[in-house]
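# A structural walkthrough
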Amino acid sequence: MKSAFLRFDRWTSSLSMAVACLMLVIASALGVFQIITRFVLEQPAEWSEILIRVSLIWMVFMGIPTAFRQGAMVSVDVLYRWSPPKMRRVLDWMVCLAALTLICVIIWWGWDYAKRGGVQSMAGLESISMFWAYVAMPIGGLFSVVGIIGNLLDPQRQELETAQ
C-alpha cells in the first residue's frame, strides 16, 4: 500500500511540477510579447497582462506540492536537530497535520472562491471566466495533500540537510 501511494505521489509531483514549469514558460513568453507590443510596436495587447497573472497563480499553486514533497514545508529545525528519533517522528506528524489543516482550508475556501468568481470574466478576455484562474487553489491543494502525505511516509529533508 505504501509503495503504491509513493508511486502515485511521484506521478502527481511530476505532473504538478511539469504544469508549474509550463506556466512559467507561458508567463515569460507573454511578458516578452507584452514588452514588444507595448514598447516596440506601441500597440499593447490588453489580454496578455491578465494571462501572465493567471499563469503565475497556476505556477505557484502547482509548484507548492513539490516543495511539500521535498520537505521544504514549515518545520522547527532547531527542535528537530536537538530531538531524539522518536520525538522527531512526533514533530513530523505535527508538521504534517498543521500543513494538512492549512491546505484543507485553502481547498475549501479556494473552491468557494472559484465558484463565486465563475460569474466574473477576465479583463481583456471577456469570454473566459475567472473560475479558471481561481480553481488553481483547490487543484494545487489536492496535489499538495498527496505531497504532504508522501513526505510523511517517505521523509525527504533536503532543505534541512543543506541548511547551515
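Okay, so let's go over this structure. The structure presented is a predicted model; accordingly, all values stated were derived computationally and were not measured.

Before going further, it helps to examine the overall build of the chain. When its secondary structure is counted, the chain shows seven helices and two strands. A globule of 164 residues ought to have a C-alpha radius of gyration of about 15 Å, yet the chain, at 19 Å, is considerably larger. In terms of its C-alpha atoms, the chain occupies a principal-axis envelope of roughly 65 × 35 × 30 Å. Counting over 164 residues, the chain shows a buried share of 40%. At a minimum sequence separation of 6, the contacts of the chain that also span at least 24 residues come to 71%. Approximately 10300 Å² of the chain is accessible, and the part contributed by carbon and sulfur atoms is 70%.

It is worth spelling out a nonpolar patch on the surface at this point. On the surface, a nonpolar cluster with roughly 620 Å² of combined accessible area is contributed by Val32, Ile35, Ile36, Phe39, Val40 and Leu41. By the secondary structure assignment, Ile35 is in helix H1 (residues 2-40).

Quick look at the nonpolar core now. Among the nonpolar cores identified, the biggest contains 18 residues, and Val54, Trp58, Met122, Ala133 and Tyr134 are the most heavily contacted of them. Residue assignment for this core shows that the elements contributing at least two residues are H1, helix H2 (48-69), helix H5 (131-134) and helix H6 (136-153). In terms of residue count, H2 provides more of this core than any other element does, five residues in total. Aside from chain neighbours lying at most four places away, what touches Ala133 is Val54, Ile57, Trp58 and Met122. By size, the runner-up hydrophobic cluster in this structure holds nine residues, among which are Ala99, Leu100, Ile103 and Ile107.

Two numbers describe how H1 lies on H2: the axes approach to 8 Å, and their chain directions differ by 155 degrees. If you check the angle between H1 and H2, you find them roughly antiparallel. Where H1 crosses over H2, the handedness of that crossing is left-handed.

For the pair H1 and H6, interaxial distance at closest approach is 9 Å and the crossing angle is 135 degrees. Classified by the interaxial angle, the pair formed by H1 and H6 is oblique. Considering only the axes of H1 and H6, their crossing is left-handed. Touching Lys2, Phe5, Leu6, Phe8, Asp9, Thr12, Leu15 and Ser16 of H1 are Phe143, Val146, Gly147, Ile149, Gly150 and Leu153, all from H6. Its residues assigned to classes, the contact of H1 with H6 shows eight nonpolar, four polar and two charged.

Applying the stated criterion across every chain, the model contains six aromatic pairs. Judged by centre distance (5.7 Å) and plane angle (80 degrees), the ring pair of Trp111 and Phe131 falls under edge-to-face. With Trp111 in helix H4 (residues 85-117) and Phe131 in helix H5, the pair connects residues that are 20 residues apart, well separated along the chain. A centroid spacing of 4.4 Å and a plane angle of 45 degrees characterise the contact between Tyr113 and Tyr134, whose relative ring orientation is tilted. Highlighted residues: Tyr113 in helix H4 and Tyr134 in helix H5, separated in sequence by 21 residues. On the basis of relative accessible area, Tyr113 is assigned to the partly exposed category, the value being 43%.

Along the polypeptide, Glu49 turns up in helix H2. Relative accessible area serves as the criterion here: at 35%, Glu49 is assigned to the partly exposed category. For Glu49, the residues in contact, after removing those within four places along its chain, are Gln34 and Arg38.

About the cut-offs
Residues numbered from 1 in each chain as written. Predicted model: local features only at pLDDT ≥ 70, side-chain atom pairs only at ≥ 80, totals over all residues. Heavy atoms only, no water. Helix = DSSP H or I, 4+ residues; strand = E, 2+ residues; numbered from the N terminus. Rg over C-alpha atoms; globule rule 2.2 N^0.38 Å. Buried < 20%, exposed > 50% of the residue type's maximum accessible area, 1.4 Å probe, protein only. Contact = heavy atoms within 4.5 Å. Areas by Shrake-Rupley, 256 points an atom, 1.4 Å probe, with all protein chains shown as cover. Patch = residues over 30% accessible without salt bridge, like charges linked within 9 Å, V, L, I, M, F, W, Y side chains within 5 Å. Salt bridge = Lys/Arg side-chain N within 4 Å of Asp/Glu carboxyl O. Core = buried A, V, L, I, M, F, W, Y, C linked by side-chain atoms within 4.5 Å. Axes fitted to C-alpha atoms, helices over the stretch in contact; angles between N-to-C directions. Parallel < 35°, antiparallel > 145°, perpendicular 65-115°, else oblique. Left-handed = near helix turned anticlockwise from the far one by under 90°. Nonpolar A, V, L, I, M, F, W, Y, C, P; charged D, E, K, R; others polar. Phe/Tyr/Trp six-rings, centres within 6.5 Å; stacked < 30°, edge-to-face > 60°.

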